[in-house]
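Here is what each chain is made of, one letter per residue.
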Amino acid sequence: MSESIHILCILNPTSGNGLGRQRWPAVVSLLEEFNITHELFMVDGEPLADAVCRKMSAAGAGEYGVVCGIGGDGTHSQIINGLMRFRAENPARKLPPYALIPLGTGNDIAKSFGLGARENVFARDLRRAVATIRYGADYYLDIGRMGDLYFVDALTIGLDSRILEEHNRYKNEIIKYPLLRRLIKGNILYTFCMGLRFWNHDPIEAEVVIDGSPWYSGPVLNLVVNNTRIYGGEFVICPDSFANDGLFEAVVFAGHYDYLARYLLALRGNPREIQRMADKLSRVSTCKRGSGISIRLSRREAVQYDGEMLTTSDRFDIKVIPRAIQLKIPAEQRF
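Residues numbered from 1 in each chain as written. Predicted model: local features only at pLDDT ≥ 70, side-chain atom pairs only at ≥ 80, totals over all residues. Heavy atoms only, no water.

### Here's the deal with the packing of aromatic side chains
A full pass over the atoms with the stated rule returns twelve aromatic pairs. For the ring pair Phe 235 and Tyr 263, a centre distance of 4.7 Å and an interplane angle of 55 degrees mean the geometry is tilted. Taken as a pair, Phe 235 in the loop between strand S10 (222–226) and strand S11 (248–253) and Tyr 263 in helix H9 (residues 256–265) lie far apart in primary sequence, 28 residues in all. Note on accessibility: Phe 235 and Tyr 263 belong to one class, buried. Pairing Phe 253 with Tyr 263 gives two aromatic rings, centres 5.2 Å apart and planes at 25 degrees, and the pair type is stacked. Here Tyr 263 lies in helix H9 and Phe 253 lies in strand S11, a separation of ten residues in the sequence. For Tyr 263, a relative accessible area of 9% translates into the label buried. An aromatic cluster of at least three residues, connected via ring pairs, comprises Phe 198, Trp 199, Tyr 231, Phe 235, Phe 253, Tyr 257, Tyr 259 and Tyr 263. Here the basic side chain of Lys 55 rests over the ring of Phe 41, its NZ or CZ set 5.3 Å away from the ring centre. Its guanidinium or amino end placed over the ring of Tyr 135, Arg 134 lies 6.0 Å from that ring's centre, counting from NZ or CZ. (Phe/Tyr/Trp six-rings, centres within 6.5 Å; stacked < 30°, edge-to-face > 60°. Helix = DSSP H or I, 4+ residues; strand = E, 2+ residues; numbered from the N terminus. Buried < 20%, exposed > 50% of the residue type's maximum accessible area, 1.4 Å probe, protein only. Lys NZ or Arg CZ within 6 Å of the ring centre and 35° of its normal.)

Listed below in structure tokens is the structure:
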């Protein structure tokens, strides 16, 4: 075994309904197996991005060989927001590489790079994620920026955000009842909320400009600015996308039937040829790439980034920061 490395582990105790806290002892055991020493930083009660920025500012230069986030997409997004703020405030300091322990609900970012949260007799993904901290390859990940906000996976406007809004509202009610919390898991609740919202959500008029050139003007039911390959836990809406090419993909869902058809075709278990069929069935190109995306809406609409809700808005100006974060990803095939 090579010499020990020292890392910072940032744990969100509420991620995945407490899954990160529950699985932490198993993570510690695996860290010891791979000769990785760690410092645990558990954040509860203050904004995670603020806490991470403060923690990194207090750390000595080169103190951590890797920063490791333990949680889901929202956790990783907030940690990376904190790291980007730290870098902006300390331009002379070098950011350590970032590693993912995917213990959230959707885990889009981790799944996009071949990491999951399964741990049973057939799959040992937790061990694989910890092994990646030491032996993973370096991948230089693009980051999206909108004002002072950074996002990694996707920024979504419209129906998907309204469904998430409903999901969060019901989740906050269900969490009061332990029996319901056990019975109604994330995907079941999300499907229920989609059924409540789907036909009651009307398209709005939108104008989308990419790299200074008008691209789309018309009705929008849902709009996704996509970076990593997996979206919504189970979908590949841009099968030819890469998260290190300096470009994002704008995806317009013009109406209800377009929305349903795209998602059925985009299931991540489908062959890529089927996923690409969305282009032929819609009057709007599935993936229009660009490094600068401006969106204007006819009314204010709900927006989410990496599974986190923002206040409604009718104007969005998004820029890509290419190769912003050094990400550790698996170098070997799944075992």
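### Points about the confidence of the model for the protein
Overall, the predicted model of the protein reaches an average pLDDT of 88, with 89% of residues at or above 70. Highest mean pLDDT in the protein belongs to strand S5 (residues 137–146) (97); lowest belongs to helix H7 (residues 178–183) (59). (pLDDT = per-residue confidence, 0-100.)

### So, helix H3 (residues 73–89)
For H3, built from 17 residues, the straight-helix expectation of 24 Å at 1.5 Å per residue is met to within 8% by its first-to-last C-alpha distance of 24 Å. Within H3, 13 of the 17 residues are buried, leaving the element largely enclosed by the surrounding structure. (Expected span 1.5 Å × (residues − 1).)

### What about the nonpolar core?
Counting residues in hydrophobic clusters, the biggest one holds 56 residues, and the most contacted among them are Ile 10, Leu 31, Tyr 98, Ile 101 and Ile 133. Of all the elements, helix H1 (residues 19–33) adds the most residues to this core, at six residues. In contact with Tyr 98, other than residues within four places in its own chain, are Val 66, Val 67, Cys 68, Gly 69, His 76, Ile 79, Ile 80, Leu 83, Ile 325, Gln 326, Leu 327 and Lys 328. Membership of the second largest hydrophobic core comes to 25 residues, among which are Phe 248, Ala 254, Ile 295 and Phe 316. (Core = buried A, V, L, I, M, F, W, Y, C linked by side-chain atoms within 4.5 Å. Contact = heavy atoms within 4.5 Å.)

### Side note on the pairing of strand S4 (residues 98–102)
Across the five residues that make up S4, a large majority, five, are buried. The two faces of S4 match: Tyr 98, Leu 100 and Pro 102 on one face and Ala 99 and Ile 101 on the other face are all buried. Across five bridges, the pairing between strand S3 (residues 66–71) and S4 is parallel. Bridge pairing links Cys 68 to Ala 99 in S4. Since S3 and S4 lie parallel, the crossover through H3 that links them has a hand, and here it is right-handed. (Pairing = 2+ DSSP bridges. Right-handed = clockwise from strand over helix to strand, strands pointing away.)

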